[in-house]
Amino acid sequence: MRSIVTVSLVSCLTAGALPAAAQAPAAPGAEAPQLVRAAVLRVDKPALPPISRLEVAPEDLGFAGARLAIEDNDTTGRFMGQDFEAVEVTATPETASAELDAILGQDIRFVVLLADEATTLALADQAGDRALIFNAAARGDALRGADCRANLIHTAPSHAMLADGLAQFLMWKRWPRWLLVHGSHPEDIALADAYRRAAAKFGAQIVEERVFEDTGGARRTDSGHVQVQQQLPVFTQRAPDYDIMVTADEHGVFADWMPYHTWDARLVAGSAGLVPRSWHPALEAWGATQFQNRFEKLNVRPIREEDYQAWVALRMVGEAATQTRSADPDTLKQFMLSEDFQVAGFKGQKLTLRDWDHQLRQPILLTTGLVTTSVSPQDQYLHQVTALDTLGIDRPESACKF
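Everything numeric in this text was worked out from a predicted model, so none of it was measured. Residue indices follow the written sequence of each chain, beginning from 1 at its first position. pLDDT decides what is reported in this predicted model: residues at 70 or higher carry local features, side-chain atom pairs at 80 or more are listed and counted, and totals for whole chains, interfaces and linings draw on all residues regardless. Side-chain measures here rest on the full set of heavy atoms in the structure, leaving out hydrogens and waters.

Novice: Is there a simple way to explain the nonpolar core in this structure?
Specialist: Counting 43 residues, the largest nonpolar core has Phe134, Leu314, Met316 and Met336 as the members making the most contacts within it. Only DSSP runs of H or I reaching four residues or more are called helices, and only runs of E reaching two or more are called strands; each is numbered from the N terminus. For this core, the secondary structure elements donating two or more residues are β2 (34-43), α3 (63-80), β3 (82-91), β4 (110-114), β5 (132-135), α9 (288-299), α10 (305-324) and α11 (329-336). The element that contributes the greatest number of residues to this core is α10, accounting for 10 residues. By nonpolar core is meant a set of buried Ala, Val, Leu, Ile, Met, Phe, Trp, Tyr and Cys residues that side-chain atoms within 4.5 Å join together. Only protein chains enter the accessibility calculation, which uses a 1.4 Å probe; a residue whose area is less than 20% of its type maximum is buried, one above 50% is exposed, and one in between is partly exposed.

Novice: Help me understand the state of the cysteines, please; the structure alone is not making it clear to me.
Specialist: Linking two cysteines covalently via their sulfur atoms produces the bond known as a disulfide. For the purposes of this analysis, a disulfide is any pair of cysteine sulfur atoms at a distance within 2.5 Å. Across all of its chains, the model carries 1 disulfide by this definition. Here Cys148 engages in a disulfide with Cys400; their sulfurs sit 2.1 Å apart. Around the S-S axis, the bridge from Cys148 to Cys400 shows a dihedral of about 95 degrees and counts as right-handed. Linking Cys148 in the loop between β5 and β6 (152-154) with Cys400 in the segment after β13 (372-376), this pair joins segments that are 252 residues apart in sequence. As far as the burial class goes, Cys148 and Cys400 line up, both buried.

Novice: Mind showing me how you'd approach empty space enclosed by the protein here?
Specialist: Where empty space is left in the structure can be found by rolling a water-sized probe over the atoms. Both cavities and pockets are sets of points on a 1 Å grid over the protein atoms alone; in a cavity a 1.4 Å probe fits but cannot get out, in a pocket the set is open with protein on both sides within 12 Å along at least five of seven lines, and lining residues sit with an atom within 4 Å of a point. Grid points are joined across faces, edges and corners, and a volume is the space filled by probe spheres set on the points. In total, this model carries 2 cavities of 30 Å³ or more according to the counting rule given. In this structure, the largest cavity encloses a volume near 60 Å³. In this structure, the largest cavity is lined by Arg109, Phe110, Gly128, Asp129, Arg130, Ala131, Leu132, Pro329 and Lys333. Lining the second largest cavity are Val36, Ala38, Ile70, Asn73, Phe84, Glu85, Leu314 and Val317. Among the secondary structure elements, those contributing two or more residues to the lining of the second largest cavity are β2, α3, β3 and α10. Just so you know the grouping, Ala, Val, Leu, Ile, Met, Phe, Trp, Tyr, Cys and Pro go in nonpolar, Asp, Glu, Lys and Arg go in charged, and all remaining residues, Gly too, go in polar. Class assignment of the residues belonging to the lining of the second largest cavity gives a composition of 6 nonpolar, 1 polar and 1 charged.

Novice: Would you take a moment to explain the sheet that holds strand β11 (residues 275-277) for this structure?
Specialist: Two modes of strand pairing occur in sheets, parallel and antiparallel, and in both the strands are linked by backbone hydrogen bonds. In this description, strands pair whenever DSSP reports at least two bridges between them. The strand order across the open sheet built from 3 strands is β11-β12-β13, with neighbouring strands paired in antiparallel fashion. Each having just a single partner strand, β11 and β13 make up the two edges of the open sheet. With direction set aside, neighbouring strand axes in the sheet form an average angle of 30 degrees. Relative to β13, strand β12 (residues 364-367) runs antiparallel, the two being bridged by 4 bridges. From the neighbouring strand, Thr367 faces β13, where its bridge partner is Thr372. Orientation is described by lines fitted to C-alpha atoms, with helices fitted over the stretch in contact, and by angles between N-to-C directions that extend from 0 to 180 degrees.

Novice: Looking at this structure, I do not really get the confidence of the model for the protein chain. What am I missing?
Specialist: Caution applies to low-pLDDT regions: their predicted coordinates should not be interpreted in detail. A residue's pLDDT is simply how confident the predictor is in it, with values from 0 to 100. On average, the protein chain scores 91 in pLDDT, and the residues at 70 or more come to 90%. Note that pLDDT drops below 50 for residues 1-27; the model gives that stretch 59 contacts with residues more than four away or on any other chain. Between two residues, a contact is recorded if the distance between any of their heavy atoms is within 4.5 Å.

Novice: Would you mind showing me how to read the side chain of Ser271 here?
Specialist: Here Ser271 shows up in the loop between β10 (267-270) and β11. Throughout this description, a polar contact denotes any pair of N or O atoms lying within 3.5 Å of each other; where both atoms belong to protein, one of them has to be capable of donating a hydrogen while the other can accept it, and for residues adjacent in sequence the pair is counted only when both atoms sit in side chains. Of the polar contacts made by the side chain of Ser271, one reaches the backbone nitrogen of Asp249; its length is 2.8 Å. Residues within four places of Ser271 in sequence aside, it is in contact with Leu191, Thr247, Ala248, Asp249, Ala255 and Asp256.

Novice: Looking at this model, I keep getting lost on the pairing of strand β7 (residues 177-183). Mind explaining?
Specialist: The two faces of the sheet receive side chains in turn, since in a regular strand these alternate between them. Here β7 lies mainly inside the structure; 6 of its 7 residues are buried. Bridge count between β7 and strand β8 (residues 205-212): 7 bridges; the pairing is parallel. Bridging across to β8, Trp178 finds its partner in Ile206. After leaving β7, the chain enters helix α7 (residues 186-202) and then returns to the sheet as β8, a path that is right-handed. Note: β7 against strand β9 (residues 244-248), 5 bridges, orientation parallel. A clockwise path from the first strand over the helix to the second, with the strands pointing away from the viewer, defines a right-handed crossover.

Novice: Hey, could you run me through the side chain of Glu305 in this one?
Specialist: If you trace the backbone, Glu305 turns up in helix α10. Judged by relative accessible area, which is 15%, Glu305 ranks as buried. Beyond its immediate sequence surroundings of up to four residues, Glu305 is in contact with Arg139, Arg277, Ser278 and Trp279.

Novice: I'm lost on the pattern of salt bridges in this one. Help?
Specialist: When the charged atoms of two side chains with opposite charge come close together, those side chains can pair. Should a side-chain nitrogen of Lys or Arg be within 4 Å of a carboxyl oxygen of Asp or Glu, the pair is scored as a salt bridge. Taken as a whole and assessed by the stated rule, the structure comprises 23 salt bridges. With its nearest N and O atoms 3.2 Å apart, the salt bridge here joins Asp164 to Arg197. Of this pair, Asp164 sits in helix α6 (residues 159-172) while Arg197 sits in helix α7; the two residues are 33 residues apart in sequence, bridging distant segments of the chain. The salt bridge partner of Asp241 is Arg266, with a shortest N-O separation of 3.1 Å. Here Asp241 is found in the loop between α8 (224-235) and β9, whereas its partner Arg266 is found in the loop between β9 and β10, with 25 residues between them in sequence. Three or more residues are tied together by salt bridges with common partners; here these are Asp164, Arg197, Lys201 and Glu397.

Novice: Is there a simple way to explain the sheet that holds β10 in this structure?
Specialist: Within the open sheet, the 4 strands sit side by side as β8-β7-β9-β10. Their pairing is parallel. With one partner strand each, in any of the chains shown, β8 and β10 form the two edges of the open sheet. Between one strand axis and the next, the sheet turns by 25 degrees as a mean value, whatever way the strands run. The sheet strands contacting α7 are β7, β8, β9 and β10, and the helix crosses β7 at an angle near 165 degrees.

As structure tokens, this is what we get:
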């Protein structure tokens, strides 16, 4: 009962094309399955290539996770008389609004969105009460705070959640003295703000801050490692004594070069080195091996964070449909936002929604290139409701007003 449609043009959507499975009539005497429709909209911006060619984004980024979610939803759906469908749409910032209108014109009420913060906010406002938008990429805290929207659910962890997850581990390791190095882009500055907040929250000390200016140009060249080896140690020279460098580099400009290039013999964390993530392809605990194997068999590559975040968004829709035995979008939305909702995410505990900002509660994996080093929240950090609320903006701190 798996149904996937790949679409990248408004004209295809407005033509009203549906997959053959959705168009085919039910067998005589058989009751037609309940059809639950969704869309995955990825908004791609022009960007320089990443520092490492291993980090070049695959063409099916995000969509691959959605495809696995549809298979998972249909595994249960076939026994419940339900069928699930996800339309895949690519757009640019200039075409995203028209693509969303085309999706909404097909009466699709659940949209998984992979876009930057500004585009996510604009499209959520455009959708209004016509659709529930799942933010599967943007990590800015403002989207969960002053700029929050009632029709927006966040399966991507926030900057604050990532920073808090790393800070808890660093404090457990008794590495409280940080050298904070952040980029010059607004997203870098926002992530640096989250690390400042995490330091104050958990008792760390930022001994100094330095800004790495993005001056443009190629991020990798034949002689790149030679220049890095000469320049980065000088950039980090004469810093006050510190335990670890914390980097905030959302655009991938400098952080990946930092390990082994600091003037002093120090570890690196944040955007490189020990990195907080929503998911990692090496995770094996809590049934994750089986999940990883299924993803890799279906998509012939390791999973990425955007894939996981799109997967869990559509699994939320599937879980709501299963629990309510309904395909009605309003019923599913109401259940997902209720206290009774939870979804399994292969991360050791149930994932639930915060009612004050619609952020999905989830553990944060602390990873290196090949392994998951630890998982936060760390055991010593307690909370009166759930330890997951020690990660990110808690209810009393939230600026979100729906």
